[in-house]
Amino acid sequence: MNSLTPVPVNILPDATLSALQSQNKHLDYSHATELEIKNDTNQSIQIEVSHVDSHDWDGLSRPDFLFQDVHIEAGSSKRERQQIKARRSRATYTMTACQDGKKQFAIIINQWDAMADGVQEKDVDLDNGYVVHLTGGKRILTISIAIKRHS
């Protein structure tokens, strides 16, 4: 097993995340969001989840319970509810994508990116031939994993 340095892939700046958390913390005990992981490569991907703080999540709807060791076939996706606690300022975790029996990359995700009022997008060009496209807002965070296309 090779060791990878996780890459932070936040869509929203810290100031925006803080404002969102402040504006939403008194509405409910927790917020229902969704996480979708899309595999836009030509091979199956296995997902590993680590560095989850139990205090950030409400109940069993959290990434380490719903995405740990999940295999997503090429051209497919998996979508699950993620229940984040309203009074927490972050809901971060590390997601590692494995392909061909090897860890390919690791990214640090903040599920609060799903809480933006409008849809925000970001592309992260990883050094090893992968690109990750993130779309967050309206309580949904989508992570699309693809191989770079060379022109």
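The structure displayed is predicted, hence computed values, not measured ones. (Residues numbered from 1 in each chain as written. Predicted model: local features only at pLDDT ≥ 70, side-chain atom pairs only at ≥ 80, totals over all residues. Heavy atoms only, no water.)

Things to note about the nonpolar core
1) Next: Ile143 and Ile145 are the most contacted members of the largest nonpolar core, which has 34 residues in total.
2) Next: Going through the elements one at a time, helix H1 (14-24), strand S2 (30-39), strand S3 (45-50), strand S4 (70-72), strand S6 (92-99), strand S7 (102-110), strand S9 (130-137) and strand S10 (140-147) are the ones with two or more residues in this core. (Core = buried A, V, L, I, M, F, W, Y, C linked by side-chain atoms within 4.5 Å. Buried < 20%, exposed > 50% of the residue type's maximum accessible area, 1.4 Å probe, protein only. Helix = DSSP H or I, 4+ residues; strand = E, 2+ residues; numbered from the N terminus.)

Focus on the environment of Asp53
1) Next: Within the element layout of this structure, Asp53 appears in the loop between S3 and helix H2 (63-66).
2) Next: The exposure class of Asp53 is partly exposed, given its relative accessible area of 31%.
3) Next: For the pair Asp53 and Tyr93, spaced 40 residues apart in sequence, the C-alpha separation works out to 7.7 Å.
4) Next: With near-sequence residues (within four places) excluded, Asp53 lies in contact with Arg88 and Thr92.
5) Next: Reaching out from Asp53, the side chain makes a polar contact with the side chain of Arg88 at a distance of 3.3 Å. (Contact = heavy atoms within 4.5 Å. Polar contact = N/O pair within 3.5 Å; in protein donor to acceptor, adjacent residues only side chain to side chain.)

Overview of H1
1) Next: Along H1, the positions that sit buried rather than exposed are Leu17, Leu20, Gln21 and Asn24. All buried residues of H1 lie within an arc of 95° about the axis, which places them on one face of the element. (Arc of directions from axis to C-beta.)

Describing the sheet that holds strand S8 (residues 120-125)
1) Next: Pairing within the open sheet is mixed, and its five strands lie in the order S5-S2-S10-S9-S8. If you trace the sheet from one side to the other, it starts and ends with strand S5 (77-85) and S8, each paired once. The sheet shows a mean angle of 15° between the axes of neighbouring strands, direction not considered. (Pairing = 2+ DSSP bridges. Axes fitted to C-alpha atoms, helices over the stretch in contact; angles between N-to-C directions.)

Some thoughts on the pairing of S8
1) Next: Where S8 meets S9, six bridges bridge the pair, whose relative direction is antiparallel. When the bridges of S9 are listed, Asp125 appears paired with Val131.
2) Next: Between S8 and S9, which follow one another and run antiparallel, lie four residues, and Gly129 among them has a positive phi close to 100°.

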